[in-house]
Amino acid sequence: MDLTLSPSEEEFRDEVRTWLEENHPGPEPEGNLDEIMAFRREWQGKLHAGGWAGISWPEAYGGRGATMIEQAIFVGEAARQEAPSPANVLGLAMGGPVVIAHGTDEQKQRYLEPILTGEEIWCQGFSEPESGSDLASLKTRAVKDGDEWVVTGQKVWTTFAQYAKWCMLVARTDPDAPKHQGLTYFLMDMEQEGVEAKPLVQITGEGEFNEVFMEEARIPEANVVGGVGNGWGVAITTLMNERAGLAFGAIAQIQNSLGRLAKLATEVRTNGGSAADDAYYRQRIAQLHIEAETMRLNAYRGLTKTMQSGIPGPEGSLGKWQWADINQGLTELALEIEGAYAPLGRGSEHAVAGGAWQYGFLRSRANSIEGGTTDILKNIIAERVLGLPRLR
Amino acid sequence: MYFDLTDEQQAIKATAKDFLASRFKSERIREIAASADGTDPDGWRQMAELGWTGLAVPEQWGGQGLGIVDLAVLFEEMGYALAPSPLFSNTIVALALSLCGSDEQRDRWLRPLASGEKRATPALWDAGSPATPGSYTMEARADGDAVVLDGEKVLVMDAAGADLFMVATADGRRHLVESGAEGVSVSEEESIDTTRRLSAVRLDGVRVAAEDTMPAAEADYYPGFFRLCVALAAESTGVAQRSLEMAVEYAKDRQQFGRPIGAYQAVSHRCAQMLLETENSRSAVYGAAWAADAEPDSLPLAASMAKAYASDVGWRVPNASIQVHGGIGFTWEHDLHFFLKRGRANAAMFGDAKWHRERVADAVLTRAAAPAAV
């Protein structure tokens, strides 16, 4: 057992740390999505120039070929310094790895470089209004027409679709096959007449997510990834990639939030003292710290296991579940500490801490839904880790 | 970066699991639990032969010289098996002597404790006190070179058959008092956990010679205290692990409404929650155990995190397991109640969850109040 970094990993961490410190562009603009995206594009350009875009990708495809520990270090350090997200986060984390794993040589040639540079933004067309957790029931149809596929249907929760050039689209190509077998994974050009993205205003008032409507949108045969009818398997790899990289960034982000929570508690007055002197708040703050520490240690155990077996196991679901619980719990406690001022949000003169916790409270409601609901994660754990029987 | 047991530690775990499973079958645990004094001399002898009594004692004093990770591995299995054994209480005194005893005391007491020839237990808390770590009220009244002890110690584990008590006094010192010394009397209490007996030990004018008072002060005992917290948290993690496995097995087996009950999400999600809590507890324990061996500066915080978390998990997971079992889980006939009781008793000992969480709060809030480090 050794929970320390090796000398070469420490060297890597120092290199990452220094580079980020020297190149950090400062805090993101708040509110306006166009400004945020422009900011993130510029940041991704810097990352790419510095050799930090696609660090998990093999060097042959323009990545850095970093080890899992190095990836964890990079993600953790970037989150610790609150570096912005790159513009093409879905392309880097999911699109590129899928093309590398399942794509043809032509596809690799065509798509990978613009993902890395951020020149082409990617989005993910999986969920549909009637197919959320039960993804394989999706109804968007793709019908062959010569050497093209014609797509009609609707997707939802499509992050940054309004900026995307490419959509990782899963559509039904064989309505007669069993539901998991009739699906195909496509790369759909978003810049065409049959595709319309409409922002979906969420409970924070922002529109990170979109509805995407496809009315006879056209996709060339050459844009099928992994073969017709294999969409489910390809999509699952994508989702595993999404979960694998997140843990260490999430941990650093929670540690930052815990630091802010402690600061909030020392500043807010309650019953003649500060909230940090209040036994009840002290207990709850401590419990969140303890849970965050167990999450960090679980992630190390998971990393060790993944390095031994080569693939992330279903235990990763525990981390995502726990992250949602802790992140929500943090913001709930912050609002409790703010007491009567809890309703005052961003832009309000008398808001505590600039209304940041109100935004966090609202945004974190999605944490137990996005990327696999906590309820579904519990099913996965029950069935695949504990071996309990399936209800379905 | 490698967060898993080494091959040697896996071997300790496998040996412990096999030995404890064959030694402490349900019938045997029940016999010991129902016996007059709760002792098991044969079991003790066998553990001594396996080297467990001296596992974390330096080789110089007859132990195996292993670390706290190894000790945590062993105690996780002790909890898993719900072994009724004084190994934990003996280990506490052995740790204290290893870290804080004089060489004469180590030679006289630590050697036989490590070999299992003698057995010791701590007598720390005073009747009527809040019984929190570090707060002792018994006076060590000077009498020439010696001290005289008067009062009543409570919550003393495994007192029956112990050869030695390590008695704490208000000045922060520890005194080695033989159980047969004049003025010492033991009366057993009724603990909900009959697999680990608790007694009151009266000391009536007990005279302790200078060479039997340990040469350390209160603060010196903390490194040992945090290590024993890790061992106890490991035991509670084992209690939780076994209770979880019992729930999962039962949920696969038990049929209602034509299906195994584990197919229902009300049951399966409860089991998933038990897994989450048990795994968290295990991570906290081994993180703290590693700190004890490799990064002692971070041990106090890590140990409090582990003890706080495992205190809750050690009884909540058996509690949830009882719920999964339904009526059968509430019967005396089923073994689960022993796990619930051990977990609950462990939660209360050596600082409960609230006490340890307060230490965590102190560390993190003090850090927040300090000027930001650059």
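The numbers attached to residues start from 1 for each chain and follow its sequence in the written order. Whichever chain is written first becomes A and whichever ligand is written first becomes 1, with later ones labelled in order. Residue-level local features of this predicted model are given only where pLDDT is at least 70; pairs of side-chain atoms are given and counted only at 80 or more, and the full residue set underlies all totals for whole chains, interfaces and linings.

### A word on the domain arrangement of chain B
Residue and element names in this part refer to chain B.
No. 1: Partitioning chain B into structural domains gives domain 1 (7-119), domain 2 (121-216) and domain 3 (219-368).
No. 2: These domain boundaries are the output of an automatic or database domain assignment. Relative placement of domain 2 and domain 3: their C-alpha centres are 29 Å apart.
No. 3: Residue pairs are scored as contacts if the distance between their C-beta atoms, which are placed from the backbone, is within 7 Å. With nine residues of domain 2 at the interface, the matching set in domain 3 holds eleven residues.

### What about the pairing of strand E6 (residues 174-178) of chain B?
All names here are of chain B.
No. 1: Three exposure classes are used, all based on how many other C-beta atoms lie within 10 Å of a residue's own C-beta (placed from the backbone): buried at 20 or more, exposed at 12 or fewer, and partly exposed between those limits. A run of DSSP states H or I qualifies as a helix once it reaches four residues; a run of E qualifies as a strand once it reaches two. Both are numbered from the N-terminal end. Across the five residues of E6, four count as buried, placing the element largely inside the fold.
No. 2: When DSSP finds at least two bridges between two strands, those strands are taken to pair. The sheet contact formed by strand E5 (residues 164-168) and E6 spans five bridges and is antiparallel. Of the residues in E6, the one forming a bridge with Ala168 is Arg174.
No. 3: Following E5, the chain reverses through five residues before pairing antiparallel with E6; Gly172 in that reversal takes a positive phi of roughly 90°.

### Remarks on the confidence of the model for chain B
No. 1: The pLDDT value expresses, per residue, how confident the predictor is, ranging between 0 and 100. Per-residue pLDDT for chain B has a mean of 96; in total, 99% of the residues score no lower than 70.
No. 2: For this predicted complex, the interface confidence score (ipTM) comes to 0.96, while the overall pTM stands at 0.94.

### Considerations on the pairing of E5(B)
Residues and elements named next belong to chain B.
No. 1: Of all five residues that make up E5, five are buried, and the element is covered over most of its length.
No. 2: Of the two faces of E5, the one lined by Leu164, Met166 and Ala168 and the one lined by Phe165 and Val167 are each fully buried.
No. 3: Two strands pair when backbone bridges link them, and strand E1 (residues 120-123) and E5 are joined in this way by four bridges, in the parallel orientation. Paired with Ala120 across the two strands is Leu164, which belongs to E5.

### Things to note about the packing of helix H7 (residues 279-309) of chain A against helix H8 (residues 265-294) of chain B
No. 1: Lines are fitted to the C-alpha atoms to define the axes, a helix being fitted only along its stretch in contact, and any angle between axes, read from their N-to-C directions, falls within 0 to 180 degrees. Two numbers describe how H7(A) lies on H8(B): the axes approach to 8 Å, and their chain directions differ by 85°. Compared by their axis directions, H7(A) and H8(B) come out roughly perpendicular. On H8(B), the residues that touch Glu293(A), Thr294(A), Leu297(A), Asn298(A) and Arg301(A) of H7(A) are Glu279(B), Asn280(B), Ser283(B), Ala284(B) and Gly287(B).
No. 2: Here the contact of H7(A) with H8(B) is built from residues that sort into two nonpolar, five polar and three charged. Should an angle fall under 35 degrees it is called roughly parallel, over 145 degrees roughly antiparallel, and 65 to 115 degrees roughly perpendicular, with every other angle called oblique. All amino acids are sorted into three groups, where Ala, Val, Leu, Ile, Met, Phe, Trp, Tyr, Cys and Pro are nonpolar, Asp, Glu, Lys and Arg are charged, and the leftover types, Gly among them, are polar.

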